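# Observations on the model geometry
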Amino acid sequence: MSISPELQSRIQGIVDSAPTVLFMKGNPATPQCGFSAQVVQVLNRLLPEYQTFDVLSDSEVREGVKEFSDWPTIPQLYVGGEFLGGCDIVKEMYDSGELHEALGMERAELSAGEVEISISAEAEQILRSAQQQQQAELHFGIDAKFQPFLGFGPAAGGELRVPVGGLFFLLDRDSAARARGASITVVDTEHGQRLDVDIPAARAGG
């Protein structure tokens, strides 16, 4: 089924609206499918800003973009007006460094020994107890906006395994580049204790 010239022009306008455009289900804050969420996670590692279009808000665009790109599924990523692919291809391009190249970025090439992260004894104990309860790997990420993330889950592959105190953190390579010199401590707030992550690279502008 071919799409109308009007819809073709409309989708082209969306593609041309920003250097990086992601057609997805939902939005970056609340993706509505796991595949969209995975691509958002990859892009957040690399870009502080990018454009998205929620295909669930427009059924005409949702079906039309599949014909436009000759690609049957959502999400779909465009960079510089060029269609790159869906979830699996975007992840493969990220792992190989091709996505960095497409975005005009250099891929961080670090070894685990080059990433020094300090942690207070109190913070280490909190994370150790949580990890024992979760029975999973401990992931540490810092996105392109220098927002930190600590969570538990299986290893994704291609991550650096960095010793932090008596623990091991798994970091993607872009997070690892931002994490050098970071420190994790516990601070007291009116709502109780929380972990605090200090990121020197954020103050240095990356």
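What you see is a predicted model, and the numbers here were worked out from it, not measured in a lab.

Criteria and cut-off values
Residues numbered from 1 in each chain as written. Predicted model: local features only at pLDDT ≥ 70, side-chain atom pairs only at ≥ 80, totals over all residues. Heavy atoms only, no water. Helix = DSSP H or I, 4+ residues; strand = E, 2+ residues; numbered from the N terminus. Expected span 1.5 Å × (residues − 1). Buried < 20%, exposed > 50% of the residue type's maximum accessible area, 1.4 Å probe, protein only. Contact = heavy atoms within 4.5 Å. Pairing = 2+ DSSP bridges. Axes fitted to C-alpha atoms, helices over the stretch in contact; angles between N-to-C directions.

Within the chain, the regular secondary structure consists of eight helices and 13 strands. Based on the C-alpha atoms only, the size of the chain along its principal axes is roughly 65 × 35 × 30 Å.

With that settled, the discussion passes to helix H2 (residues 34-46). Between its terminal C-alpha atoms H2 stretches 19 Å, which fits the 18 Å expected from 13 residues at 1.5 Å a residue. Listed in full, the buried residues belonging to H2 are Ser-36, Val-39, Val-40, Val-42, Leu-43, Arg-45 and Leu-46. The secondary structure elements touched by the buried residues of H2 are strand E1 (20-24), strand E3 (30-31), strand E5 (76-79), helix H4 (87-96), helix H5 (98-102) and helix H7 (173-179).

Strand order in the open sheet made by the three strands is E7-E12-E13, with mixed pairing throughout. With one partner strand each, in any of the chains shown, strand E7 (118-119) and strand E13 (192-198) form the two edges of the open sheet. The sheet contact formed by strand E12 (residues 183-189) and E13 spans seven bridges and is antiparallel. Residue Val-187 lies in a different strand from E13, and its bridge partner there is Arg-194. Of the strands in this sheet, E7, E12 and E13 are in contact with helix H6 (residues 121-134), which crosses E12 at around 90 degrees.

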